[in-house]
Amino acid sequence: METILTGIRVNGELTLGNFLGALVPMVRLANKHNKTHNINIFIPDLHTIISNVDGDLQKNLVKSIKYYLAAGLEITDNVHIYRQSYVPAHSELNWILNCVASVGELKRMTQYKEKGEGKDSVNAGIFDYPVLMAADILLYDATYVPVGEDQFQHLELTRNLAIRVNNRFDQKIFTPPAKTSDQAKFMGVNDGIRIRDLTNPEKKMSKSTPSENSKIMLSDDPKRAAKKIMSATTDSEANIKFDMFNQPGISNLLQIESLVNDIPLQDVISTWSGESRYGDLKKKVASSVQTFLESFQEKLENIPDDDVYKLLEKGEIYANKVANQKLLTVQRAFNLRQY
Ligand code: ATP
Ligand code: MG
């Protein structure tokens, strides 16, 4: 059985954009394949401490998993949720792969160049984390790893390391993950959804935008969120049309209406096209967002922490078993273990 693997970044707060653009598509993907594939969902806590030590890490990781559950992630026997640091094989394999990867290829990683190179003080974690990421993937023979474009280079590195080890020992030790082009095909990703900033719809909605009216957070008071929609920037065309380029504000509202209600965009467009009263559309979208948030927040509150911990304990037993088996194969090849 092939494995789809994804890391849940531990973010305390998510915007509606993060939810609709990243979390929901992942949940759909998992639910679609959970009978035929292993679905490995892990909390990359070792990656988290690269930037800083988050006092709320424990709280936030539980919350992140609840987001997935509240978004409808189905738990079947093939779904495995685990914390990276609870599976020590990740850091063990990281070390072994450090002795395979070259400094030159790691220096070429654009993420490192952007975040680290040239700065006076960077920890080695920022330089080395692509190798840890390779370990995260290769321990489970994961074929599909849904990542954003910014991570494609790391996925290529993972493939290269896997192939290099296999060639060195002339054995199929690792399964190289699928090429990024094949990954995209498998996942049927469209060009990605980009929810726009409510007050400045030329830009995408981002959690780091300081303006509160620009973004809707999943934790927003639903009534307050509705008000934000009512005051969203539109245009003066007085003609509802889906045209992200010329009318991004109105198009964004149509997009949100479609996504929070899970109805095809095309249907929303045909309902509203040609209407001139933006106020009517805003009222409808505001009410949809409010209803969506009320229901989502209620679901979230009704998931006990204990449910999450039970999933983790079960997932970690599975993950340790699979990962340790792979690690042993690698240790044998590197002569760290006797046959
Ligand atoms: P930041 O402002 O800190 O960059 P962000 O809101 O852009 O935060 P990220 O943590 O950079 O969020 O991205 C998390 C995930 O959410 C990524 O998969 C990203 O593609 C997706 N995402 C971010 N913003 C949007 C958006 N406006 N619409 C759809 N998806 C989004
Ligand atoms: Mg971002």
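That block above? That's the structure.
Every value quoted in this text rests on a predicted model; they were computed, and no experiment measured them. (Residues numbered from 1 in each chain as written. Chains lettered and ligands numbered in written order. Predicted model: local features only at pLDDT ≥ 70, side-chain atom pairs only at ≥ 80, totals over all residues. Heavy atoms only, no water.)

Chemist: Before we go on, may I ask you to explain helix α7 (residues 124–138) in this structure?
Modeler: The periodicity of an α-helix, 3.6 residues per turn, causes residues three or four positions apart to be oriented the same way. With 15 residues, α7 should reach 21 Å at 1.5 Å per residue; the first-to-last C-alpha distance of 21 Å fits that figure. Along its length, α7 shows its largest kink, about 40°, at Pro130. Taken across its 15 residues, α7 has 13 buried, putting it largely inside the fold. Capping the start of α7 is the job of one residue whose side-chain oxygen sits 2.9 Å from the backbone nitrogen of Gly125: Asn123. (Helix = DSSP H or I, 4+ residues; strand = E, 2+ residues; numbered from the N terminus. Expected span 1.5 Å × (residues − 1). Bend = angle between axes of the 7 residues up to and from the residue. Buried < 20%, exposed > 50% of the residue type's maximum accessible area, 1.4 Å probe, protein only. Polar contact = N/O pair within 3.5 Å; in protein donor to acceptor, adjacent residues only side chain to side chain.)

Chemist: Help me understand the site of ligand 1 in this model?
Modeler: The environment of ligand 1 is made up of 13 residues, and the closest members are Ile195, Lys204, Met205, Lys207 and Ser208. One of the side-chain nitrogen or oxygen atoms of Arg9 is found 3.1 Å away from an oxygen atom of ligand 1. Within the side chain of Ser208, an N or O atom sits 2.4 Å from an oxygen atom of ligand 1. Protein coverage of the free-state accessible area of ligand 1, which is 590 Å², stands at 71%. (Near = heavy atom within 4 Å. Areas by Shrake-Rupley, 256 points an atom, 1.4 Å probe, with all protein chains shown as cover.)

Chemist: Looking at this model, I keep getting lost on the packing of aromatic side chains. Mind explaining?
Modeler: Aromatic rings considered in pairs are described by the distance between their centres and by the relative angle of their planes. Applying the stated rule across the entire model yields nine aromatic pairs. Geometrically, the ring pair formed by Tyr82 and Tyr140 is tilted, given 5.3 Å between the ring centres and 35° between the ring planes. You can see Tyr82 sitting in strand β3 (residues 79–83) and its partner Tyr140 sitting in the loop between α7 and β4 (142–144), a full 58 residues away along the chain. Directly above the ring of Tyr86 sits Arg83, whose terminal nitrogen or CZ lies 3.6 Å from the centroid. (Phe/Tyr/Trp six-rings, centres within 6.5 Å; stacked < 30°, edge-to-face > 60°. Lys NZ or Arg CZ within 6 Å of the ring centre and 35° of its normal.)

Chemist: Would you mind going over the pairing of strand β1 (residues 3–7) with me for this structure?
Modeler: Along any regular strand the residues' side chains alternate between the sheet's two faces. Within β1, four of the five residues are buried, which leaves the element mostly enclosed by the surrounding structure. Of the strand pairs in this sheet, β1 and strand β2 (residues 38–43) are connected by five bridges, and their pairing is parallel. Its bridge partner being in β2, Thr6 is matched across the sheet by Ile41. Between β1 and its parallel partner β2, the chain crosses via helix α1 (residues 16–33), and the hand of that crossover is right-handed. Bridge count for β1 against β4 is two bridges, and the pairing is parallel. Within β4, the position partnered with Ile4 by the bridge is Tyr144. (Pairing = 2+ DSSP bridges. Right-handed = clockwise from strand over helix to strand, strands pointing away.)

Chemist: I tried to follow a positive patch on the surface on my own but got confused; where do I start?
Modeler: Where like charges cluster on the molecular surface, the positive patch consists of Arg9, Lys115, Lys119, Arg194, Lys204 and Lys207. Residue position: Lys204 is located in the loop between α9 (180–187) and α10 (222–230). The exposure class of Lys204 is partly exposed, given its relative accessible area of 37%. (Patch = residues over 30% accessible without salt bridge, like charges linked within 9 Å, V, L, I, M, F, W, Y side chains within 5 Å. Salt bridge = Lys/Arg side-chain N within 4 Å of Asp/Glu carboxyl O. Lys, Arg positive; Asp, Glu negative; His and termini not counted. Charge placed at Lys NZ, Arg CZ, Asp CG, Glu CD.)

Chemist: I would appreciate a short explanation of the nonpolar core in the present structure.
Modeler: Generally speaking, nonpolar side chains in soluble globular proteins are found buried as a group. In this structure, Ile65, Leu73, Ile229 and Ile256 are the most contacted members of the largest nonpolar core, which totals 63 residues. There are two domains that each give this core at least three residues, and those are domain 1 (3–192 + 304–333) and domain 2 (212–300). Apart from residues no more than four positions distant in its own chain, Leu73 is found in contact with Val27, Ala30, Asn31, Ile41, Tyr68, Val79 and Ile81. The next biggest cluster of nonpolar side chains, apart from the first, holds 39 residues, and it includes Phe127, Tyr129, Leu157 and Leu161. (Core = buried A, V, L, I, M, F, W, Y, C linked by side-chain atoms within 4.5 Å. Domains from an automatic or database assignment. Contact = heavy atoms within 4.5 Å.)

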